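Residues per chain, in single letters:
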Amino acid sequence: MTVDIDKTPADTPPAGPEAIKAIPVRHYGRYVSAVVAIALLVGVVYAFSQGKINWGAIPDYFFDDRILDGVGKTLLLTVLSMVIGIVGGVMLAVMRLSKNPVTSSIAWFYIWFFRGTPVLVQLIVWFNLGLVFEYINLGPFYKDEWSDFMTPFLTALLGLGLNEAAYMAEICRAGLLSVDEGQTEASHALGMSHAKTLRRIVIPQAMRVIVPPTGNEVINMLKTTSLVSVVQYPELLRAAQDIGQTSGAPAEMLFLAAAWYLLMTSIFSIGQYYLERYYARGSSRSLPATPFQKIKANVLSLSSRSKPTGGTA
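Summary of the structure given here. The numbers attached to residues start from 1 for each chain and follow its sequence in the written order. Local features in this predicted model are restricted to residues whose pLDDT is 70 or higher, and side-chain atom pairs enter the listing and the counts only when it is 80 or higher, whereas totals over whole chains, interfaces and linings include all residues. Water and hydrogen atoms were dropped before computing side-chain values, which therefore reflect all heavy atoms in the structure.

### Considerations on the overall build of the chain
Working step 1: Counting its secondary structure elements, the chain contains 12 helices and 2 strands.
Working step 2: Each helix is a run of DSSP H or I of at least 4 residues and each strand a run of E of at least 2, with the numbering of both proceeding from the N terminus. Along the chain, helices and strands appear, N-terminal first, in the series α-α-α-α-α-β-β-α-α-α-α-α-α-α.
Working step 3: Categorising residues by exposure relies on relative accessible area from a 1.4 Å probe, with only protein chains included: less than 20% of the type maximum marks a residue as buried, more than 50% marks it as exposed, and the intermediate range marks it as partly exposed. The proportion of buried residues among the 313 residues of the chain is 28%.
Working step 4: Sequence-distant contacts, at least 24 apart, represent 73% of the contacts inside the chain between residues at least 6 apart.
Working step 5: For the chain, the exposed surface amounts to about 21300 Å²; the carbon and sulfur share of it is 65%. In what follows, residue pairs with any heavy atoms lying within 4.5 Å of each other are defined as contacts. To be clear on the numbers: accessible area is Shrake-Rupley with a 1.4 Å probe, and residue cover counts the displayed protein chains and nothing else.

### Focus on the layout of surface pockets
Working step 1: One number sums up the size of the largest pocket: a volume of about 560 Å³.
Working step 2: Cavities and pockets are defined on a 1 Å grid built over the protein atoms alone: a cavity is a set of grid points where a 1.4 Å probe fits but cannot escape, while a pocket is an open set with protein on both sides within 12 Å along at least five of seven lines, and lining residues are those with an atom within 4 Å of any such point. What lines the largest pocket is a set of 16 residues, among which Leu97, Leu177, Thr184, His194 and Leu198 lie closest to the centre.
Working step 3: Broken down by secondary-structure element, the contributors of at least two residues to the lining of the largest pocket are α7 (152-177), α8 (181-189) and α9 (194-224).
Working step 4: Any residue outside Ala, Val, Leu, Ile, Met, Phe, Trp, Tyr, Cys, Pro, Asp, Glu, Lys and Arg is labelled polar, Gly included; the first ten of those are nonpolar and the last four are charged. Taken together, the residues of the lining of the largest pocket sort by class into 7 nonpolar, 5 polar and 4 charged.
Working step 5: Grid points are joined across faces, edges and corners, and a volume is the space filled by probe spheres set on the points. Here the second largest pocket is characterised by a volume of approximately 350 Å³.

### Re the packing of helix α3 (residues 65-96) against helix α4 (residues 101-116)
Working step 1: In contact at an axis separation of 7 Å, α3 and α4 are set at 130 degrees when each is read in the N-to-C sense. Considered as vectors, α3 and α4 are oriented oblique to each other. Of the two elements, α3 crosses α4, and the hand of that crossing is left-handed. Between α3 and α4, the residues in contact are Leu92, Met95 and Arg96 and Thr103, Ser104, Ile106, Ala107, Trp108, Tyr110 and Ile111, respectively.
Working step 2: Along the lines of polarity and charge, the residues of the contact of α3 with α4 split into 7 nonpolar, 2 polar and 1 charged. Helix axes are fitted to C-alpha atoms over the stretch in contact, other axes to C-alpha atoms as well, and angles between N-to-C directions run from 0 to 180 degrees. Here the word oblique covers every angle except those under 35 degrees (roughly parallel), over 145 (roughly antiparallel) and from 65 to 115 (roughly perpendicular). Crossing chirality is assigned from the near helix's rotation relative to the far helix, an anticlockwise turn below a right angle marking it left-handed and a clockwise turn marking it right-handed.

Purely geometric numbers; function is a separate question.
In C-alpha cells, the structure reads:
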C-alpha cells in the first residue's frame, strides 16, 4: 500500500534572491578628456612636422665625438657635485641638529644663504671673483692667480656642489629626525658614542627617508648642469650649441641635447626605483613588484584567460 504525500509550498525550499544585473557607470568625462588629450598631442606633432626642422641632422650628430664628450663631462660633473652635496649635506644636518649654538647657527646661515640665491647667480659670482681677488693665497700650500685657479670646471663644481649641500642638508635633517629618539637613547645606554650611534644606528634607518628625495636631487642635478654653459664649461648643452652654430642647425641641436637629457634621466630614474625598493625592505612586509614582474604577471594572466576551458559531459 502506497501513501501519496502532498507536497505543499511549505515543503519546497525558498527561492534564492534574484541575480542583480550590474550596469557599469559610464564615465563620459574620461572619454572626452582622452579625446581632447589625443587631439592636442596630434596637433603638437603636426605643428612640429610642418616646421622648418631638419630632423635628419639629429641622428647624424647624435653620436658625434663632441656630443659624447659633453655627455661624459655632464655625468662627471653630476656625480662629483652630488658627492660634494651629500657629504656637505650630512655634515650640515648634523651641525644643524647639534646642541652647540655656534655650529647650529653656522649651518642655518649656510642653508639660508645658498637656498636663497639662484644657482645661476652663484655660478656667475664664482666665475667673476677674479675681479675682486687678483690672487689666491693659501700660505705655504698654494698661491696662484685667481684666473688660473678658478677654471670653468672648478667654477661649475663649486657652484653646483655647494648649492646642492644646502638642499641635501634639509633632506638629511628630515631623515635623521624620522628615527625614534629611543634608538639613540638605547645606543647611548649600551655605551656607544654619539658618532658611532649616528654611523651604525641612526643613519642606516634614516636612509629609507633620505634616499627617495636624494634620487630626485640627482636627476635635478643632471639637468641643472646645463646652466654651467654660461661659465664656458663644455658640457652637453655647450657642445650642442657649438655644433649648432657651425652646422647651421641650432634648433635641431637643442632637440638633440633634450633627447640625451631624457635618455640619461630615464636611466637614473630606473636606478632610483630599485634603490628605493632596496631600502624599503625594513618598512614593507612585501616589496612592490618590479616593472618586469608586472609585465610577466600580465602576460601570464592573459595567456591563462585565452586558454579554452574544458566542459563536462
